[in-house]
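Here is how the chains run, residue by residue.
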Amino acid sequence: MTGLPVLSLLILLPAVGAVLLPFLRAAQTARWCAFVFLFADFLLAVWALVAFDASSAAMQFGEHYSWVPSLGISYRLGVDGISVWFVLLTTLLGWICVLASWTSITTRVQEFMTCLLAMQSLMVGVFCALDMILFYILWEAMLVPMYLIIGIWGGDNRVYAAFKFFLYTLAGSLLFLIGILLLYFNAGQSFDMLALMDADYPLQLQIWVFLAFLVAFAVKVPMVPLHTWLPDAHVQAPTAGSIILAGVLLKMGAYGFLRFSLPMLPDASHYFAPMMIALSSVAIVYGGLLALVQSDIKKLIAYSSVSHMGFITLGLFTFDAMGLSGAVIQMFNHGITTGALFLCVGLIYQRSHSREITAYGGLIKMVPLFGILFAAFLLASMALPGLNGFIGELLVLAGAFGVSGWAGAAGVLGALIGAAYLLGVYRQMLLGPATVPGGAVLGDLNPRELACALPLLLFVIWFGLYPKPFLTILQPSLDQLMIQLTPSAVSP
Amino acid sequence: MDLTLIKTSVLLSGPEIIIILGACVALMLSLVPRPGQGGLIAGLSLLMIALAAGMSATLGHMPQSAYQGMFVIDGIATYFKLLMYLGTALTVLISGGYLATENTDKGEYYVLLLFALSGAMIMVSGTDLLIIYIGIELQALSIYVLVGFLTRNRRSNEAALKYVILGAFSSGLLLFGLSLFYGLTGTTQLDAMAIALGNAETGDPLLVLATLLLLVGLLFKVGAVPFHMWLPDIYEGAPSPVTGFMSTVGKVAAFAVILRLLMHDLTSLAPIWRGAVVAVAVLTMAVGSLAALVQTNIKRMLAYSSIAHGGFLLLGLLAGGDDGMASVMFYLLVFTLMNLGLFAVIVLLNQGAAWGEPIWDFSGLAKSHPGLALITLVLLLSLAGIPPTGGFFAKFYVLVALVESGQVTLAVIAVLFSAVSAWFYLRIIMLMYMEETDHPAQVSMTPALRLALAVTLIGTVLTGLFPAMFLDAAQTAAQAATQAATQAVAQAGLG
């Protein structure tokens, strides 16, 4: 391993782009510039993944500089087998977002691309941060570019959606901050995540901190009943915004549980596990039922996200090796598939300006390339064996049945409902006689659009058929998590 | 008093003397009206402020007492003075353009600003209740006139009159409290008073009354609820740069006095005021955040926002200790930068009449003036406490001090109101970035305003990205002051 500060570069590259971009005059240059920066970032992330030592659960590519010494805040980075995958996912979706907005965003292109670059810098930072305050700052700062992306380039009701998104997440995060401070003073005034994980906290404190963290993460995931911002934000956001939201931002809530709640507060996690499992089961079924009755395709996918994210939180709180790894796999795969679904919806919306499911029909005949891709992503989202969604859902269900028959049953029911609405979309939009809103003749995907969809398809098939490399890198970190999760010998 | 003592005293009060001399020279100059005179006097004011700043920096943090213990240069005084120089210099920079637009480019304006500054400086350096009171009045009288400086503007006149009446009322309460303290302890000097109060019975009704009167007088000055009624009207009516000055330098001076009296010298009174201040702080944050939600005039909105920030600052007082004190000091630095930055934007948008005050005048700013909109965005985010701006670290540090002292409930209340207050800052951002308008703002940028915007922007970003050096400055100052106080008490105990 070289002494190159890979993670800092990963964070700084898009940031540099964000600073340069506003000075560009031509919109086309801005697009290319953003693309180049984000693609380079992606290549760097791939390189980091290749150089990653899969045999170790330790944090790798570590960097550490003191930042605010008097408060013990430092700039501390590192990735383990879990976060390295999310860095890859973030950077992959990053440049796809640029391509997806190439022609759909025509106003204030420079500002839009600046927001995308800033988002990417902050998101990668969140997954690399090993200092709680650094994490918090990046996590919170992310709200701003996302707020602007929804609010400026969104649909008709964008301002309302942007406000709702911002305030929900902000209110949650601020309690998270208080939780961090409580841990800080109980663990000897350190914001170092690894030190905070090693410290032992009394159960009473853990419970309060867990609740504070829960609000922040449950809003982000989102868990029922804090999910109401999501459909609004998704429907109003431009395609790139939806991809980032579904692909990365939602994962951050789950990542928060994984990185903070479980290892730092194992006793409270066990204490609250029944509640979390119940909430997750409700989310799976309720989100699925809501998705079932939607006529707006974006809303449908948004509610399906609520349901799928329910699987993830369910898996996390089974505390079972299978459930946990299923949850993490599902996190990654949900990012790929849902991102891809929003991409497809964006592509078709740009052609016909309608999101009504029933307005479409027979797309597979009219635009075969698009139809095949869309079909593949729908089936992957449905967890068809052989595609990427299957393994995660299976493992989560296996874990869930080990803990509670009811939760397992809810999971199965959710999967069935999922099949119902996704197949419904499939049948309505792709099969049957060709109908298009307004009767326009749609053109099939051009090379640029293929270039954003095909890499996602590659991951869908690769992880469906041969997930071993993924699991190899993941496993040591998950084992480590399982050790941390052991309740601290039922200490009084 | 022998000659060396007089010399030391004069030397230590050098910054005040420089500012007052500068004010006098400016007053002479302004007696002979000439076109373009405003710029000259503004330049002179800046020069004087720079000289005073240099002198304050040289005098440093070491506690040195002058005028027989009535005046002190210590960490608190030097820190707050430097902060007030910054605030006043920024006010001078943003005033030029505003006065020109309003056709009142008179030299007296800067004279009054300098007098107000010297009053504020005396407030933070005074260690005798009378000196502090003189500082408060000198500052207040100058600001009364400044508030009514737009003589042809009814709102300005009304605001000045209201301010005079209410200000006099609050000064009366304060003075009553001070006189009771004198009666109880037989001295007006803080260190002697601290010793006298050291073993006083905190249940003594007279002492309770004296403390409450003192508290009410001071809370009135910072506009804490329920003594905040005057603030929105006066903020709205006053000329915008004066509002900026009041909300920053005025607030800094008032908080400096609060810190010195309640946290530094008269700490033994804490059991008396604690409960009251908890209630006031929570109420202040609540009223400030909630009332700001419905304002449609940017200056009124900022008035309520400044009330809410005042509530947050009171939390630092409740946190106590060096960290609590340092958190208030750091918060005030950041607040000065971001608030004056926003007032610079208001001044820029001001086009005579009422332009630049209804919040709708911010509509479409991102399209017509992207750079200005970006600066405003950063300042607003900082006011809302969103990282990575200075506003985040200011709030964060107060929260750290609060949680450290075990007052988690207060911290939770504080962050909830902080989330509420984000709404109205976001509303301005929404107007700038998401609304279209047929009448884009007309902006006439002057070099002075450009400089003011640059300083506030850079300051807001720097305090957010590299808070360490600013925090350390505040912490060192607070610790130095506390140490000096403990030593003094120890010496007094020995003697």
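Positions within a chain are numbered from 1, following the residues in the order the chain's sequence is written. In the order they appear in the text, chains get letters beginning with A and ligands get numbers beginning with 1. A pLDDT threshold of at least 70 governs which residues receive local features in this predicted model, and a stricter bar of 80 or more applies before side-chain atom pairs are shown or counted, although totals over entire chains, interfaces and linings include all residues. Heavy atoms from the whole structure form the basis of all side-chain values; hydrogens and water molecules are not counted.

A.B. asks: Let's hear about the overall build of chain B: which residues, and what values?
C.D. replies: Only runs of H or I of at least four residues qualify as helices and only runs of E of at least two qualify as strands under DSSP, and these elements are numbered from the N terminus. Each helix and strand in chain B was counted, giving 20 helices and two strands. Between the two quantities, the radius of gyration covers C-alpha atoms and the globule rule is 2.2 Å times the number of residues to the power 0.38. In terms of C-alpha radius of gyration, chain B reaches 22 Å, essentially the compact-globule figure of 23 Å for 495 residues. Dimensions along the principal axes, computed over C-alpha positions, put chain B at roughly 75 × 55 × 40 Å. In chain B, buried positions account for 62% of the 495 residues. We call two residues contacting when some pair of their heavy atoms lies within 4.5 Å. A sequence separation of at least 24 residues applies to 80% of the contacts in chain B between residues at least 6 apart. As displayed, chain B offers around 16,900 Å² of accessible surface, 70% of which is attributable to carbon and sulfur atoms. In chain B, 18 positive and 24 negative side-chain charges are present, and the distance between their average locations comes to 9 Å. Each residue is placed in one exposure class: buried if its accessible area under a 1.4 Å probe, protein chains only, is under 20% of its type's maximum, exposed if it is over 50%, and partly exposed if it falls in between. Method for areas: the Shrake-Rupley scheme with a 1.4 Å probe, in which residue coverage is limited to the protein chains shown. His residues and chain termini do not enter the charge count, which takes Lys and Arg as positive and Asp and Glu as negative. One atom stands in for each charge, and that atom is NZ of Lys, CZ of Arg, CG of Asp or CD of Glu.

A.B. asks: Which residues make up the overall build of chain A, and what values go with them?
C.D. replies: Looking only at helices and strands, chain A has 20 helices and two strands in total. Radius of gyration (C-alpha) of chain A: 21 Å, near the 23 Å computed for a compact globule of 492 residues. With the principal axes as the frame, chain A shows a C-alpha extent of 70 × 55 × 40 Å. For chain A, the proportion of its 492 residues judged to be buried stands at 66%.

A.B. asks: Give a detailed account of empty space enclosed by the protein, specifying residues and quantitative values.
C.D. replies: All names here are of chain B. Here a cavity denotes a set of grid points, spaced 1 Å apart and computed over the protein atoms alone, in which a 1.4 Å probe fits but from which it cannot get out, and a pocket denotes an open set meeting protein on both sides within 12 Å along at least five of seven lines; residues with an atom within 4 Å of a point are reported as lining. Grid points are joined across faces, edges and corners, and a volume is the space filled by probe spheres set on the points. This structure, assessed with the given rule, holds eight cavities of 30 Å³ or more. Put simply, the largest cavity is a space of about 180 Å³. What lines the largest cavity is a set of 16 residues, among which Tyr163, Lys221, Trp230, Gly250 and Lys251 lie closest to the centre. Contributions of two or more residues to the lining of the largest cavity are made by helix 6 (129–147), helix 9 (205–222), helix 10 (230–237) and helix 11 (240–265).

A.B. asks: Describe the UniProt feature "domain: NADH:quinone oxidoreductase/Mrp antiporter transmembrane" (unreviewed entry) in chain A, listing the residues and the values that go with them.
C.D. replies: According to UniProt, the positions carrying the feature "domain: NADH:quinone oxidoreductase/Mrp antiporter transmembrane" (unreviewed entry) are residues 129–417 of chain A. From the first C-alpha to the last, residues 129–417 of chain A spans 37 Å; its make-up is 81% helix and 0% strand. UniProt positions are given in the numbering used here, feature names are shortened, and annotations may be inferred rather than shown by experiment.

A.B. asks: Report on the interface of chain A and chain B, specifying residues and quantitative values.
C.D. replies: Each partner contributes to the interface: chain A provides 34 residues, whereas chain B provides 37 residues. Here chain A packs against chain B, burying approximately 3,100 Å² in sum over the two surfaces, 84% of which is carbon and sulfur. Definition of a polar contact: a pair of N or O atoms within 3.5 Å, with one able to donate and the other able to accept a hydrogen when the atoms are protein atoms, and with sequence-neighbouring residues admitted only if both atoms are side-chain atoms. In this structure, the connection of chain A to chain B is made through five residue pairs in polar contact (both at pLDDT 80 or more). When contributions to the side of chain A that touches chain B are tallied by element, the ones reaching two or more residues are strand 1 (60–68), helix 5 (132–141), helix 6 (143–153) and helix 7 (158–186) of chain A. Of all the elements, helix 7 of chain A adds the most residues to the side of chain A that touches chain B, at 14 residues. Side-chain classes are defined by residue name, with Ala, Val, Leu, Ile, Met, Phe, Trp, Tyr, Cys and Pro counting as nonpolar, Asp, Glu, Lys and Arg as charged, and the others, Gly among them, as polar. For the side of chain A that touches chain B, the per-class residue count stands at 27 nonpolar, three polar and four charged. Computed with a 1.4 Å rolling probe, the buried area is the accessible surface lost when two parts are put together, summed over both parts.

A.B. asks: How would you summarise the pairing of strand 1 of chain A if you had to cite specific residues and measurements?
C.D. replies: All names here are of chain A. Two strands pair under a simple rule: DSSP has to find at least two bridges between them. Bridge analysis of strand 1 against strand 2 (residues 73–79) gives six bridges, and the strand direction is antiparallel. If you follow Val68 over to strand 2, its bridge partner there is Ile73. Where strand 1 hands over to strand 2, the hairpin turn is made up of four residues, of which Gly72 adopts a positive phi near 75 degrees.

A.B. asks: Mind laying out helix 20 (residues 468–485) of chain A, listing which residues take part and the relevant values?
C.D. replies: Residue and element names in this part refer to chain A. A helix's residues, less one, multiplied by 1.5 Å, set its expected span. The end-to-end C-alpha distance of helix 20 is 24 Å, a good match for the 26 Å that 18 residues give at a rise of 1.5 Å each. The bend reported for a residue corresponds to the angle between axes fitted to the seven residues ending at that residue and the seven starting there. Along its length, helix 20 reaches its greatest deviation from straightness, about 40 degrees, at Gln475, and the proline Pro476 lies no more than four positions downstream. Within helix 20 the residues assigned to the buried category are Phe470, Ile473, Leu474, Pro476, Ser477, Leu478, Leu481 and Leu485. Taken together, the buried residues of helix 20 touch helix 2 (27–51), helix 3 (83–100), helix 11 (239–264), helix 12 (266–292), helix 14 (321–352) and helix 19 (447–465).

A.B. asks: Run through helix 19 (residues 447–465) of chain B, naming residues and quoting values.
C.D. replies: Residues and elements named next belong to chain B. Relative to the 27 Å expected for 19 residues at 1.5 Å per residue, helix 19 spans 26 Å between its end C-alpha atoms, a close match to the ideal helical length. The complete set of buried residues in helix 19 reads Leu449, Ala452, Leu453, Thr456, Gly459, Thr460, Thr463 and Gly464. Along the long axis of helix 19, the arc covered by the buried residues comes to 135 degrees, so they all point the same way. Opposite the buried face of helix 19, at more than 90 degrees from it, the exposed residues are Pro447 and Arg450. Throughout, the arc means that of the directions going from the helix axis to the C-beta atoms.

A.B. asks: So what's going on with the confidence of the model for chain A? Which residues, and what values?
C.D. replies: Looking at chain A as a whole, its pLDDT mean stands at 88, while 98% of the residues score no less than 70. pLDDT is a residue-level measure of predictor confidence that goes from 0 to 100. Confidence, expressed as mean pLDDT per element, reaches its minimum in chain A at helix 15 (residues 363–366) of chain A with 84 and its maximum at helix 5 of chain A with 93.

A.B. asks: Describe the packing of helix 1 (residues 3–12) of chain B against helix 2 (residues 14–31) of chain B, naming the residues involved and giving the relevant values.
C.D. replies: Residues and elements named next belong to chain B. Note on geometry: axes are C-alpha line fits, over the in-contact stretch for helices, and angles between N-to-C directions span 0 to 180 degrees. Where helix 1 meets helix 2, the axes come as close as 4 Å, and the angle between the chain directions of the two elements is 60 degrees. Packed against helix 1, whose contacting residues are Val10, Leu11 and Leu12, the element helix 2 presents Gly14, Pro15, Glu16 and Ile17 at the interface. When the residues that make up the contact of helix 1 with helix 2 are grouped by side-chain class, the tally is five nonpolar, one polar and one charged.

A.B. asks: Can you tell me about the side chain of Ser242 of chain A, naming the residues and giving the values?
C.D. replies: Examined against the element boundaries, Ser242 of chain A turns out to sit in helix 11. Those residues in contact with Ser242 of chain A that lie beyond four places of it in its chain are His234, Ala237, Gly247, Lys298 and Phe342 of chain A.

A.B. asks: A description of the packing of helix 6 of chain B against helix 11 of chain B should follow, citing residues and the corresponding values.
C.D. replies: All names here are of chain B. The N-to-C vectors of helix 6 and helix 11 enclose an angle of 170 degrees; their axes lie 11 Å apart at closest approach. As summarised for this structure, helix 6 and helix 11 are arranged roughly antiparallel, according to the angle between their axes. On helix 11, the residues that touch Leu129, Ile132, Gln139, Ile143, Leu146 and Val147 of helix 6 are Val242, Phe245, Met246, Val249, Gly250, Ala253, Val257 and Leu261. The class makeup of the residues in the contact of helix 6 with helix 11 is twelve nonpolar, two polar and no charged. Angular relationships are summarised with four words: roughly parallel below 35 degrees, roughly antiparallel beyond 145, roughly perpendicular across 65 to 115, and oblique for the angles in between.

A.B. asks: Give me the environment of Asn103 of chain B: which residues, what numbers.
C.D. replies: All names here are of chain B. Within the fold, Asn103 resides in the loop between helix 4 (75–101) and helix 5 (108–125). With relative accessibility at 65%, the residue Asn103 sits in the exposed group. Each C-alpha atom, one on Asn103 and one on Leu150, is 9.0 Å from the other, the two residues being 47 residues apart in sequence.

A.B. asks: Mind laying out the nonpolar core, listing which residues take part and the relevant values?
C.D. replies: Of all hydrophobic cores here, the largest spans 401 residues; its most connected members are Phe80 and Phe396 of chain B. With 21 residues, the top contributor of residues to this core is helix 14 (residues 321–349) of chain B. If we ignore the near neighbours within four places in the chain, the residues touching Phe396 of chain B are Leu71, Ile73, Ile133, Leu177, Leu181 and Phe191 of chain A. For this analysis, a nonpolar core means a set of buried residues of the types Ala, Val, Leu, Ile, Met, Phe, Trp, Tyr and Cys, connected via side-chain atoms within 4.5 Å.

A.B. asks: Requested: an account of a nonpolar patch on the surface, with residues and values cited.
C.D. replies: Residues and elements named next belong to chain B. Only residues whose relative accessible area exceeds 30% and that take part in no salt bridge are eligible for patches, with like-charged residues grouped when within 9 Å of each other and nonpolar side chains (Val, Leu, Ile, Met, Phe, Trp, Tyr) grouped when within 5 Å. In the sections that follow, a salt bridge refers to a side-chain nitrogen of Lys or Arg positioned within 4 Å of a carboxyl oxygen of Asp or Glu. Together, Leu3, Ile6, Val10, Ile17, Leu21 and Tyr67 line one region of the surface with nonpolar side chains, adding up to about 520 Å² of accessible area. Sorting the residues of the nonpolar patch by element identifies helix 1 and helix 2 as the ones contributing at least two each. Ranked by the residues each element gives to the nonpolar patch, the list is headed by helix 1, at three residues.

A.B. asks: Residue-level account of the packing of aromatic side chains, with values.
C.D. replies: All names here are of chain A. Two rings from Phe, Tyr or Trp (for Trp, the six-membered ring) form a pair when their centres are within 6.5 Å of each other. A pair whose planes differ by under 30 degrees is stacked, one over 60 is edge-to-face, and the rest are tilted. Taken as a whole, this structure holds 63 aromatic pairs over all chains when the rule is applied. Aromatic pair Tyr136 and Phe176: ring centres 5.9 Å apart, planes at 50 degrees, arrangement tilted. Residue Tyr136 is located in helix 5, and its partner Phe176 is located in helix 7; the two are separated by 40 residues in the primary sequence. The buried category is assigned to Tyr136, whose relative accessible area is 0%. Consider the rings of Phe217 and Phe260, whose centres lie 6.0 Å apart with planes at 15 degrees: the pair is stacked. Linking Phe217 in helix 9 (residues 203–220) with Phe260 in helix 11, this pair joins segments that are 43 residues apart in sequence. For Phe217, a relative accessible area of 0% gives the class buried. Positioned above the aromatic ring of Trp139, the side-chain terminus of Lys220 is 4.3 Å from the ring centre. A cation over a ring is seen here: Arg355 above Tyr349, with NZ or CZ 5.3 Å from the ring centre. Throughout this description, the term charge over a ring refers to an Arg CZ or Lys NZ atom that lies within 6 Å of the ring centre and within 35 degrees of the ring normal.

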